[in-house]
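As a plain string of letters, each chain reads:
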Amino acid sequence: MDWKLELVAVPVSNVDRAKAFYTEKVGLHADHDRQVNEKLRFVQLTPPGSACSIYIGTGLTQMKPGSVEGLQMVVADIEKAHEELAGRGVDVSPIADLSWGRFVYFSDPDGNKWAVQEVPKRN
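Cut-off values and rules
Residues numbered from 1 in each chain as written. Predicted model: local features only at pLDDT ≥ 70, side-chain atom pairs only at ≥ 80, totals over all residues. Heavy atoms only, no water. Helix = DSSP H or I, 4+ residues; strand = E, 2+ residues; numbered from the N terminus. Rg over C-alpha atoms; globule rule 2.2 N^0.38 Å. Buried < 20%, exposed > 50% of the residue type's maximum accessible area, 1.4 Å probe, protein only. Core = buried A, V, L, I, M, F, W, Y, C linked by side-chain atoms within 4.5 Å. Contact = heavy atoms within 4.5 Å.

Comments concerning the overall build of the protein chain
The helix and strand inventory of the protein chain stands at two helices and eight strands. Across the protein chain, helices and strands are ordered from the amino to the carboxyl terminus as β-α-β-β-β-β-α-β-β-β. Computed over its C-alpha atoms, the radius of gyration of the protein chain comes to 15 Å, within 12% of the 14 Å expected for a compact globule of 123 residues. Overall size of the protein chain, expressed as C-alpha extent along the three principal axes, is 50 × 40 × 20 Å. The 123 residues of the protein chain split such that 36% are buried.

Okay, structure coming up:
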């Protein structure tokens, strides 16, 4: 049996601001945006090519906005990823070359922390 991780909560303080950041600056696709009732809004966003999405909204989690660390996306070309993020206005770190991959880092407007990794080629 497969066990697939497909949806991860990201707590934010302003849903519209976060949705704009993730779609316009990071480049995620907005899959769903549903205002279920006055206390419940669900927004699902997916990185291009990913089987896993994130969700933001209101009434969905008790986590504090900005409390998530360690979210990671994997890309084939870290230079291109850095260029795309910086070009869309994301405050992205310089490229870090580590023995287990090449990384750039950024945070969303609430301070949720992301890493983008280019996995080293296997010999």
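So that's the structure; there's more coming.
Let's talk about the nonpolar core
Judged by nonpolar contacts, the single largest core of 24 residues is most densely connected at Tyr 22, Val 26 and Phe 106. In terms of residue count, helix α1 (residues 15-26) provides more of this core than any other element does, five residues in total.

Notes on the environment of Thr 23
Position of Thr 23 relative to the elements: it lies in helix α1. C-alpha separation for the pair Thr 23 and Gly 49, spaced 26 residues apart in sequence, amounts to 14 Å. Ignoring sequence-local partners within four residues, the contact set of Thr 23 consists of Leu 28, Ala 30 and Leu 45.

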